[in-house]
Amino acid sequence: MTKEQAKGAVQTTVLLFVFLTVLAGTLSPMQSAVNGQLGKHVGDGHLASVISFGTGLILMLIVVFTNRNWRSSYLALPGQMRRGVVPWPNFFAGICGSAVVLSEGISAGILGVATFQTSLISGMVISGILCDRLGVGVEHKEPLSLPRILGALMAIGATVLVVSPNFQAPHMIGLAVLPFVAGLLAGWQPAGNSTIGKVAGSMIVSVTWNFTVGFLILGSVYVIRLITGHAEFMLPDAWWMYLGGPLGLISIGLMALLVRKTGLLLLALASTAGQLIGSIVIDLAIPQLGGHVYTVTVLGALTALIASGIAMIPSKKPEVTA
């Protein structure tokens, strides 16, 4: 095989894995659609998030407790948190994930998957820029360069675009702010999970801990609501409404495998593209979900994708974190 043929084979392989990453990215809007419908069915977005986190946690505990090393690492984490092995906020990265799932249960079924995902991703773009600037979870600080500031402004613009059809409905704007705020929190989550993964020696243990924290936080608040008479417990009859947690786990697993072939930059861009494309396709293909795709919805999704790409452009002279 000549050098040109070998280079062509490598490029073809990379393109294949980028395509697979785009497909894997569509799992996120599928999860949003499931949790959104679950929230509408049970009439309580909070309960929907508890069910989604609960199913994911059960699956992860089964996986972790069948392996002696993973089981030991998982059970050791509470003690390590008490001893301050790493800064304690890292142990609560699961709160960020719970905020995303909670916002899915409350607003995705009303906003539509495309609007929800665009607002969520826009918040994550801004959060990622701020985390890079502050050196949270990265080896080098990234100054607020002109491209990154432009990316943040475009992310805000993307949210405004997708929400614009609902300017006459204040409650809809409030619902759209929810995933945006969840995205601001979720931008830091990978840094916290990565730190716990290093302490535990396994990202599988870290993901399980993430689900544990999220479920305990959401579940505790829900129990308080039940006791005080502000909530009613019920379970959905449709089996597919329990798929929110498993879809999230499959997405995490696929990304962990695909990053080895694509690299972090391509993975982030391709998965973001998959999220946005998938969300629009879902709203168009299943209008029964209640999502409306306007021209500004597509423009907003495209703007969010471009903002993500711009935000990932590294600075020429990164600052070393302390």
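In case you missed it, the structure is sitting above this.
Residues numbered from 1 in each chain as written. Predicted model: local features only at pLDDT ≥ 70, side-chain atom pairs only at ≥ 80, totals over all residues. Heavy atoms only, no water.

### Examining the environment of Ala270
- Relative to the assigned elements, Ala270 resides in helix α12 (residues 264-285).
- By relative accessible area, which is 6% here, Ala270 ends up buried.
- Spatially, the C-alpha atoms of Ala270 and Leu305 are 9.5 Å apart, while their sequence positions differ by 35 residues.
- What Ala270 contacts, discounting residues up to four positions off in sequence, is Val18, Thr21 and Val22. (Helix = DSSP H or I, 4+ residues; strand = E, 2+ residues; numbered from the N terminus. Buried < 20%, exposed > 50% of the residue type's maximum accessible area, 1.4 Å probe, protein only. Contact = heavy atoms within 4.5 Å.)

### Digging into the packing of helix α3 (residues 45-65) against helix α4 (residues 68-83)
- The geometry of α3 relative to α4 is characterised by a closest axis approach of 7 Å and an angle of 120° between their N-to-C directions. Taken as axis vectors, α3 and α4 run oblique relative to one another. In this structure, α3 contributes Leu61, Val63, Val64 and Phe65 to the contact, and α4 contributes Trp70, Arg71, Tyr74 and Leu75.
- In the contact of α3 with α4, the residues fall into 7 nonpolar, no polar and 1 charged. (Axes fitted to C-alpha atoms, helices over the stretch in contact; angles between N-to-C directions. Parallel < 35°, antiparallel > 145°, perpendicular 65-115°, else oblique. Nonpolar A, V, L, I, M, F, W, Y, C, P; charged D, E, K, R; others polar.)

### Some words on the environment of His230
- In this structure, His230 sits in the loop between α10 (203-227) and α11 (244-262).
- Here His230 falls in the exposed class, since its relative accessible area comes to 58%.
- Within the local environment of His230, its side chain forms a polar contact with the side chain of Thr228, the two groups lying 2.9 Å apart. (Polar contact = N/O pair within 3.5 Å; in protein donor to acceptor, adjacent residues only side chain to side chain.)

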